[in-house]
Amino acid sequence: MIAPLIGRPVKRSLTLHGHRTSVSLEDPFWTAFRDIARETGKPINVLAAEIDNMRGVESGLASAIRVYVLGYYQTKAQDGA
């Protein structure tokens, strides 16, 4: 079942490189992000820092997380998992 795509982003706190920051994500993206962290055995702050390190300066962290989540599940679907 596909989660409803309605809803405002919710601001959540993360720690990146020792500094607190916040990111605004819709609930389905936040849930998927947490699930990916759990599946990969990484604390959510570590995964967020990895995504932060990969993103370009023209991309915000929330957008980078959304793209990461999409790419993760696209790869999983292609691999037949």
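Relevant structure appears above.
Conventions adopted
Residues numbered from 1 in each chain as written. Predicted model: local features only at pLDDT ≥ 70, side-chain atom pairs only at ≥ 80, totals over all residues. Heavy atoms only, no water. Phe/Tyr/Trp six-rings, centres within 6.5 Å; stacked < 30°, edge-to-face > 60°. Buried < 20%, exposed > 50% of the residue type's maximum accessible area, 1.4 Å probe, protein only. Lys NZ or Arg CZ within 6 Å of the ring centre and 35° of its normal. Helix = DSSP H or I, 4+ residues; strand = E, 2+ residues; numbered from the N terminus. Contact = heavy atoms within 4.5 Å. Axes fitted to C-alpha atoms, helices over the stretch in contact; angles between N-to-C directions. Parallel < 35°, antiparallel > 145°, perpendicular 65-115°, else oblique. Nonpolar A, V, L, I, M, F, W, Y, C, P; charged D, E, K, R; others polar.

On to the packing of aromatic side chains. Taken as a whole and assessed by the stated rule, the structure comprises 2 aromatic pairs. Measuring from centroid to centroid gives 5.2 Å for Tyr72 and Tyr73, while their planes differ by 90°, and the two rings are edge-to-face. The class for Tyr73 is partly exposed, based on a relative accessible area of 31%. Over the ring of Phe29 we find Arg66, and its NZ or CZ is 5.9 Å from the ring centre.

With respect to the helices, strands and loops of the structure, Asp52 is situated in helix α2 (residues 44-54). Residue classification places Asp52 among the buried residues on the basis of a relative accessible area of 17%. Setting aside residues up to four positions removed in sequence, Asp52 forms contacts with Leu16, His17 and Leu61.

In contact at an axis separation of 10 Å, α2 and helix α3 (residues 61-78) are set at 105° when each is read in the N-to-C sense. Judged by the inter-axis angle, α2 sits roughly perpendicular to α3. Between α2, through Leu47, Ala48, Ile51, Asp52 and Met54, and α3, the contact on the second element is made entirely by Leu61, Ala64, Ile65 and Tyr68. Within the contact of α2 with α3, the residues separate by chemical class into 8 nonpolar, no polar and 1 charged.

Spatial relationships are all this shows, so hold off on functional conclusions.
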